[in-house]
Every structure is written in C-alpha cells, then in structure tokens.
Amino acid sequence: MLVVSSSVPRPIAASLAKAIPAVISVGLLLVAWELYATYSGIKPTILPAPSRVFEQALLNREALVDNAIPTIRATLIGFACSLSTAFLLSMLVDFFQPLRRALFPVFIISQTLPLVAIAPLVVLWFGFGLTPKIMLVALVTFFPMLVALVQGYEATEAEIGQMLRAMGAGRWRVFVLARLPSALPYFFAGLRISITYAVVGAIFAEYAGAAKGLGIYMLNAKNNFRPDLVLAAVGVSAALTLVLFGLTALLQRLAMPWERAGRQPAGKGARR
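A quick note: this is a predicted structure, and the numbers were derived from the prediction, not measured.

Undergrad: Would you mind going over helix α5 (residues 115-126) in detail, with residue names and values included?
TA: The terminal C-alpha atoms of α5, which comprises twelve residues, lie 16 Å apart, in line with the 16 Å expected from a rise of 1.5 Å per residue. Elements in contact with the buried residues of α5: α6 (130-154) and α8 (171-208). Phi turns positive, to about 90°, at Gly-127, one or two residues after α5.

Structure (structure tokens):
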C-alpha cells in the first residue's frame, strides 16, 4: 500500500496517485522489452535493449541536447503561430458566419495533406531555415484548436447572451463575457490534442531537410545503423511532448480555477 507523506500538498499527492498506474504500465513494458532484447537472441543492431538505449543517450547527451534545442525552438514558435491563427480565425468565423462556410472546407482540405509528402515541398519552397518548420508545425496543430473554439462558442447558453444584450452589451462584450469563457473547456481539449502533434510536425520538417534537429539526428543515426541512437532521440521527443502536455494541463488549472472549485466535495472547504 502506497503511503503519501502528510507534508506533501494534497493536489500534488492526488496527481502523484493518478500517475501511479501509468508509471507501472510503462515500467512493465520496459521490463518486457529488456527481457526480450536480452534473452531472445536478437541482435542489438536490430532491437537494442532499453538499458543500452539509456546508456547511449547518456554517452551522447551533448549531441542530443544540441539537436533538441532547434526542435524545441521550431515547436514553440510554430505552436505560438498556430495558436494565434486559430484564435483569430475562430473569432472571424464566429462574428461572420458566411466566412465559416467559405473557409472551413479549405481548412479541412489542409488537414488531408499527407505530412510526409508536403514537408519536402515546403522545405523546397522556403529553404532549410526555421520558416518551413514553423509552417509545418502550424499546419498540423491549428485545426483541432480552431474546431474546438468554434464549437465552444456555439455551446454558450442562449439565455446568458440574451441577458447581456438586455443590459446593453454589444456583440464584442457578449463575446468576451459569455462566448469566450464558454469555449475555454473546448479550447483546452483542442490544445491538448494539438500539442501532441507539435513536436512530430517539427521532426517531420527536419527529416525533410535541416542542418540540425532531432529529425536530422534520427535520420543520420538510421543511416549509420544505430537504432539505439534513433530510439534515444525518440525518447527525447516523447519527453518533450509529455512536458508540453503537462504545461497545457497546468495552464488549464490556472485559467479555469472555477472548474477545480466545482469538483471540490461539499463541505470540504470548511474543514481545516
């Protein structure tokens, strides 16, 4: 039985308790992988054990960090552009409904483009710098946020908008006071989906052409028949994605304190 120290704050203790099943499942997967790679007779050049991957990651940590920095930069800048674009477009289609009918088919078509095919073309058109990476990250991440925001605006209770208009509020004030807060839960759901694609989009762009980055590092390791280094870089990209996902969850808690208060059991706040 797991005992959590009373000195640990209750929200942190609750988060740690929720993470235990995931840690156990990942641990069992790694143990099974280690045992299979060690005792099955398979060559390390085909399937390296997790211990070897971890060892090589430590030995090559400087190269991994050096290549992770450009990927992180492209991911953050691209996602910031994606977030800004999704928010502005969602406002436009909310204020001007004909724009939704005109633009949404174009947005849907943009999501049908296979990234593995479009990435080399974007690099060819815009060069090997930061621009194509930003564009590809934005391309694969903006649509879930856009759809989530638009759906959230539509979920606003009609009575709230009617009450605000009866009090003299204009359309912009109704949007800020009613429609935007109503869209926040939908927005953060879309944000969590999009953030998982951001690092992948940056790596795909680097695969297509880059001087440095996790994508080009994986490509070089694959060409040198080093699956251990490929998997080490994959582990770094997975860690980056998990960190970004965790930050979105933290941001949601900060932006929506009423949601946390609503889940608090009755009478709990009265106890000390």
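Undergrad: So what's going on with the confidence of the model for the protein? Which residues, and what values?
TA: Here the protein averages 84 in pLDDT, and 89% of its residues register 70 or above. Residue range residues 1-5 is modelled with pLDDT below 50. Its contacts to residues more than four positions away, or to other chains, number two contacts. The low-confidence segment residues 265-272, where pLDDT is below 50, has two contacts with residues more than four positions distant or belonging to other chains.

Undergrad: Any chance you could break down a nonpolar patch on the surface for me, citing the residues and the numbers?
TA: Together, Leu-121, Leu-124, Trp-125, Phe-126 and Met-135 make up an exposed nonpolar region whose accessible area comes to about 550 Å². The element best represented in the nonpolar patch is α5, accounting for four residues. With respect to the helices, strands and loops of the structure, Leu-121 is situated in helix α5.

Undergrad: Talk me through the pattern of salt bridges; I want residue IDs and the actual numbers.
TA: One pass over the full model with this rule turns up five salt bridges. A salt bridge links Asp-66 to Lys-212, with the shortest nitrogen-to-oxygen separation between them at 3.2 Å. One end of the pair, Asp-66, is in helix α3 (residues 61-95); the other, Lys-212, is in the loop between α8 and α9 (214-223), and 146 residues separate them in sequence. On the basis of relative accessible area, Asp-66 is assigned to the partly exposed category, the value being 37%. Classification of Lys-212 by relative accessible area gives partly exposed; the value is 37%. Across the pair Arg-179 and Asp-94 runs a salt bridge whose closest N-O atoms are separated by 2.8 Å. On the criterion of sequence distance, the pair formed by Arg-179 in helix α8 and Asp-94 in helix α3 is long-range, its members being 85 residues apart. A network of salt bridges, in which partner residues are shared, links Arg-52, Arg-226 and Asp-228.

Undergrad: Explain the packing of aromatic side chains residue by residue, including any values.
TA: Under the defined criterion, the tally for this structure stands at nine aromatic pairs. Residues Phe-107 and Phe-142 carry aromatic rings whose centres are separated by 5.6 Å and whose planes lie at 85° to one another, so their mutual orientation is edge-to-face. With Phe-107 in helix α4 (residues 97-112) and Phe-142 in helix α6, this pair connects stretches of sequence that are 35 residues apart. Of the residues examined, Phe-107 reaches a relative accessible area of 10% and is grouped as buried. Residue classification places Phe-142 among the buried residues on the basis of a relative accessible area of 9%. Look at Phe-142 and Phe-143: their rings are 6.3 Å apart centre to centre, the planes differ by 75°, and that puts the pair in the edge-to-face class. Like Phe-142, the residue Phe-143 is buried in the burial classification. Grouped by ring-pair contacts, the aromatic residues Phe-95, Tyr-153, Trp-172 and Phe-175 constitute a single cluster.

Undergrad: Requested: an account of the UniProt feature "transmembrane region" (unreviewed entry) in the protein, with residues and values cited.
TA: As annotated in UniProt, the feature "transmembrane region" (unreviewed entry) corresponds to residues 12-33, 74-96, 103-128, 134-151, 172-189, 195-217 and 229-251 in the numbering used here. Along residues 74-96 one finds 96% helix and 0% strand; the C-alpha atoms at either end are 32 Å apart.

Undergrad: Explain the nonpolar core to me, and be specific about the residues and the numbers.
TA: By size, the foremost hydrophobic cluster in this structure holds 43 residues, and its most contacted members are Phe-107, Phe-142 and Leu-146. For this core, the secondary-structure elements that each account for two or more residues are α2 (50-59), α3, α4, α6, α8, α9 and α10 (227-255). Here the element with the most residues in this core is α8; it accounts for eleven residues. When sequence neighbours within four positions are dropped, the list of residues in contact with Phe-142 reads Ser-82, Ala-86, Leu-89, Phe-107, Ser-110 and Gln-111. Val-122, Leu-139, Val-140 and Ala-205 belong to the second-largest nonpolar core, a separate cluster that totals eight residues.

Undergrad: Please give an account of the environment of Thr-131 that cites residues and values.
TA: Among the structural elements, Thr-131 can be located in helix α6. Put simply, Thr-131 and Ala-74 are 57 residues apart on the chain and 8.5 Å apart in space, counted from C-alpha to C-alpha.

Thresholds applied
Residues numbered from 1 in each chain as written. Predicted model: local features only at pLDDT ≥ 70, side-chain atom pairs only at ≥ 80, totals over all residues. Heavy atoms only, no water. Helix = DSSP H or I, 4+ residues; strand = E, 2+ residues; numbered from the N terminus. Expected span 1.5 Å × (residues − 1). Contact = heavy atoms within 4.5 Å. pLDDT = per-residue confidence, 0-100. Patch = residues over 30% accessible without salt bridge, like charges linked within 9 Å, V, L, I, M, F, W, Y side chains within 5 Å. Areas by Shrake-Rupley, 256 points an atom, 1.4 Å probe, with all protein chains shown as cover. Salt bridge = Lys/Arg side-chain N within 4 Å of Asp/Glu carboxyl O. Buried < 20%, exposed > 50% of the residue type's maximum accessible area, 1.4 Å probe, protein only. Phe/Tyr/Trp six-rings, centres within 6.5 Å; stacked < 30°, edge-to-face > 60°. UniProt positions renumbered as here; feature names shortened; annotations may be inferred. Core = buried A, V, L, I, M, F, W, Y, C linked by side-chain atoms within 4.5 Å.

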